[in-house]
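Next come the chains, spelled out residue by residue.
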Amino acid sequence: MTSIKTHIAGALAGALALGATTALAEYPDRPVTIIVPWGAGGGTDTIIRLFSVGFEEAMGQPINVVNRTGGSGVVGHSAIANANPDGYTLGACTSEITYFETIGLAPITPASFDLVSRLAVIPAGVTVAAESPYNSVEELIDAAKAGGLSSSGSGLGGPWHMAVAGMMKQVGGDVNTVQFIPSKGGAPALQDLVAGGISMFTGSPIEARSLADAGEVKILAIMSDERSPAFPDVPTLKESGVDWSLTNWFSLCAPAGLPDDVKAKIEAAAQKAHGSAEVQDALAGRGITPLFDGSEAFSSYAAAFSGDAAALLTDLGLAK
């Protein structure tokens, strides 16, 4: 009898110990990876690495940032979407998720992910070479309506292509009035601008800031609803009477299907990290506008952005 009691007591003790271990192994109990679908040193990579400093502290686990590039962002976003939805693989989703499917690149949509929050936004701008005859966005638009001007800053159908197409559509022109020449990013497009190969750059004014400071380019306007603290003297398009804005955005996301409690912990930790002075100052110091809207608001925003992008890409003849 004693041996039976001893056996039962031992089994109960083992069960309690196992239960205690399980309780202690609450999420997260090991390092978390964030996949960045774009190259090291770029805008998305910079934002995530700055955010990760605070996120690591809030999560209480190491955060490993991994770049998975290729396919105009498809490779990295696919890796995020196809990962195990256990909270240990997160991602840096960018605006491309709203139109990959529209332009026939991949069957990826916002529904492929659990959207945690936007982390930052960067508006498009209108930048010309220092020797350009245009000194205001009004002068540039008047010239653009006559045809013969060109722009660059991203691939075809990318955010900076939609930026100039939307601007011209808003002023009554055709979306293809300004010829868009695809590039592999802002740096080569700006080099082409300075060299006289294109008429304007409609990418991020942040990328153009060093050239502007050096007197090689002029930033005529930004495509945001309000002036940027990084460029307080640069007017918005809306101030010039053009009711158009386009901001590229950068977010924290995860594979669709996260357990509710895990998603809640990620969002709470992300909000805490994002709100820290360290992260806020680091982003603002680089001219990047911090933004945290949370999963519900972000999901609604992404759905609306998808619709607007689809309409514009259809007008451009790029929708499949």
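Let us look at the structure shown here. (Residues numbered from 1 in each chain as written. Predicted model: local features only at pLDDT ≥ 70, side-chain atom pairs only at ≥ 80, totals over all residues. Heavy atoms only, no water.)

Examining the nonpolar core
Turning to step 1, where the next piece is worked out: Counting residues in each nonpolar core, the largest one holds 51 residues, and the members touching the most others are Phe113, Leu140, Met167, Met223, Leu237 and Trp244.
Turning to step 2, where the next piece is worked out: Those elements giving two or more residues to this core turn out to be α3 (74–81), β4 (113–123), β5 (125–129), α4 (137–145), α5 (159–170), β9 (217–222), β10 (247–255) and α10 (294–315).
Turning to step 3, where the next piece is worked out: Element by element, the count of residues in this core is highest for α5, at seven residues.
Turning to step 4, where the next piece is worked out: Once residues lying within four places of it in the same chain are set aside, the contact partners of leucine 237 are Val137, Met167, Ala221, Ile222, Met223, Val242 and Trp244. (Core = buried A, V, L, I, M, F, W, Y, C linked by side-chain atoms within 4.5 Å. Buried < 20%, exposed > 50% of the residue type's maximum accessible area, 1.4 Å probe, protein only. Helix = DSSP H or I, 4+ residues; strand = E, 2+ residues; numbered from the N terminus. Contact = heavy atoms within 4.5 Å.)

Focus: the side chain of aspartate 45
Turning to step 1, where the next piece is worked out: Inspection of the secondary structure puts aspartate 45 in helix α2 (residues 43–59).
Turning to step 2, where the next piece is worked out: Separated by 2.8 Å, the side chains of aspartate 45 and arginine 49 make a polar contact.
Turning to step 3, where the next piece is worked out: For aspartate 45, the contacting residues outside a window of four places in its chain are Val36, Gly39, Ala40, Val65 and Asn67. (Polar contact = N/O pair within 3.5 Å; in protein donor to acceptor, adjacent residues only side chain to side chain.)

A look at the packing of helix α6 (residues 186–195) against helix α7 (residues 205–213)
Turning to step 1, where the next piece is worked out: Contact pair α6 / α7: the axes reach a minimum separation of 10 Å and the direction vectors enclose 40°. Judged on the interaxial angle alone, α7 and α6 are oblique. Seen from above, α6 lies across α7 with right-handed handedness. Contact residues: α6 offers Gly186, Ala187, Leu190 and Val194, while α7 offers Glu207, Ala208 and Leu211. (Axes fitted to C-alpha atoms, helices over the stretch in contact; angles between N-to-C directions. Parallel < 35°, antiparallel > 145°, perpendicular 65-115°, else oblique. Left-handed = near helix turned anticlockwise from the far one by under 90°.)

Description of the packing of aromatic side chains
Turning to step 1, where the next piece is worked out: Within the structure shown, the criterion is met by six aromatic pairs.
Turning to step 2, where the next piece is worked out: Between the aromatic rings of tryptophan 249 and phenylalanine 298, the centroid separation amounts to 5.3 Å while the plane-to-plane angle is 85°, which identifies the pairing as edge-to-face. Taken together, the residues tryptophan 249 in strand β10 and phenylalanine 298 in helix α10 connect sequence positions 49 residues apart.
Turning to step 3, where the next piece is worked out: For phenylalanine 298, a relative accessible area of 0% corresponds to the buried category.
Turning to step 4, where the next piece is worked out: Considering the side-chain rings of tryptophan 249 and phenylalanine 305, the 5.8 Å spacing of their centres and the 85° angle between planes classify their relative orientation as edge-to-face. Taken together, the residues span a long stretch of sequence, with tryptophan 249 in strand β10 and phenylalanine 305 in helix α10 at a distance of 56 residues. (Phe/Tyr/Trp six-rings, centres within 6.5 Å; stacked < 30°, edge-to-face > 60°.)

As for α10
Turning to step 1, where the next piece is worked out: The end-to-end C-alpha distance of α10, which contains 22 residues, comes to 31 Å, matching closely the 32 Å that a straight helix rising 1.5 Å per residue would cover.
Turning to step 2, where the next piece is worked out: Among the residues of α10, Gly294, Ser295, Phe298, Ala302, Phe305, Ser306, Ala309, Leu312 and Leu313 are the ones counted as buried. Angularly, the buried residues of α10 cover 145° about the axis, an arc narrow enough to put them on a single face. Seen from the buried face of α10, the exposed residues on the opposite side, beyond 90 degrees, are Glu296, Ala303 and Asp308.
Turning to step 3, where the next piece is worked out: Where α10 is buried, its residues touch β4, α5, β10 and α8 (260–274).
Turning to step 4, where the next piece is worked out: Looking one or two places after α10, you find glycine 317, whose phi comes out positive at around 80°. (Expected span 1.5 Å × (residues − 1). Arc of directions from axis to C-beta.)

Things to note about the pairing of β5
Turning to step 1, where the next piece is worked out: Of all five residues that make up β5, five are buried, and the element is covered over most of its length.
Turning to step 2, where the next piece is worked out: Two elements, β5 and β9, share five bridges in a ladder whose sense is antiparallel. Across the sheet, valine 128 pairs through a bridge with lysine 218, a residue of β9. (Pairing = 2+ DSSP bridges.)

Observations regarding unusual backbone geometry
Turning to step 1, where the next piece is worked out: Along the chain, tyrosine 27 connects to proline 28 via a cis peptide bond; the corresponding omega equals -5°.
Turning to step 2, where the next piece is worked out: Position of proline 28 relative to the elements: it lies in the loop between α1 (2–24) and β1 (32–36).

A short note on the state of the cysteines
Turning to step 1, where the next piece is worked out: Taken as a whole and assessed by the stated rule, the structure comprises one disulfide.
Turning to step 2, where the next piece is worked out: Disulfide pairing places cysteine 93 opposite cysteine 253 at an S-S distance of 2.1 Å. Taking the sign of the S-S torsion, 80° for the link of cysteine 93 and cysteine 253, the bridge is right-handed. In this pair, cysteine 93 is assigned in the loop between β3 (89–91) and β4 and cysteine 253 in strand β10, connecting sequence segments 160 residues apart. Across this residue pair, the class does not change: cysteine 93 and cysteine 253 are buried. (Disulfide = S-S within 2.5 Å.)

So, the layout of surface pockets
Remark: the empty space left among the atoms is shown by a probe the size of a water molecule rolled over them.
Turning to step 1, where the next piece is worked out: Space inside the largest pocket adds up to approximately 1,100 Å³.
Turning to step 2, where the next piece is worked out: Contributing to the lining of the largest pocket are 42 residues, with Trp38, Glu96, Ser154, Lys184 and Gly185 lying nearest its centre.
Turning to step 3, where the next piece is worked out: Secondary structure elements with two or more residues in the lining of the largest pocket: α2, α5, α6, α7 and β10.
Turning to step 4, where the next piece is worked out: Class assignment of the residues belonging to the lining of the largest pocket gives a composition of 16 nonpolar, 21 polar and five charged.
Turning to step 5, where the next piece is worked out: Lining the second largest pocket we find 24 residues, and of these Asp225, Ser245, Leu246, Thr247 and Tyr301 sit closest to its centre.
Turning to step 6, where the next piece is worked out: At the level of elements, β4, α5 and α10 are the ones that each hand at least two residues to the lining of the second largest pocket.
Turning to step 7, where the next piece is worked out: Among the elements that make up the lining of the second largest pocket, the one with the highest residue count is α10 (seven residues). (1 Å grid on protein atoms, 1.4 Å probe; cavity = no way out; pocket = protein on both sides within 12 Å on 5 of 7 lines; lining within 4 Å. Points joined across faces, edges and corners; volume = space filled by probe spheres on them. Nonpolar A, V, L, I, M, F, W, Y, C, P; charged D, E, K, R; others polar.)

Let's talk about the packing of α5 against α10
Turning to step 1, where the next piece is worked out: Relative orientation of the contacting elements α5 and α10 amounts to 80°, with a least axis distance of 10 Å. Considered as vectors, α5 and α10 are oriented roughly perpendicular to each other. From α5, Met162, Ala165, Gly166 and Lys169 reach across to α10, where they touch Ala309, Leu312, Leu313 and Asp315.

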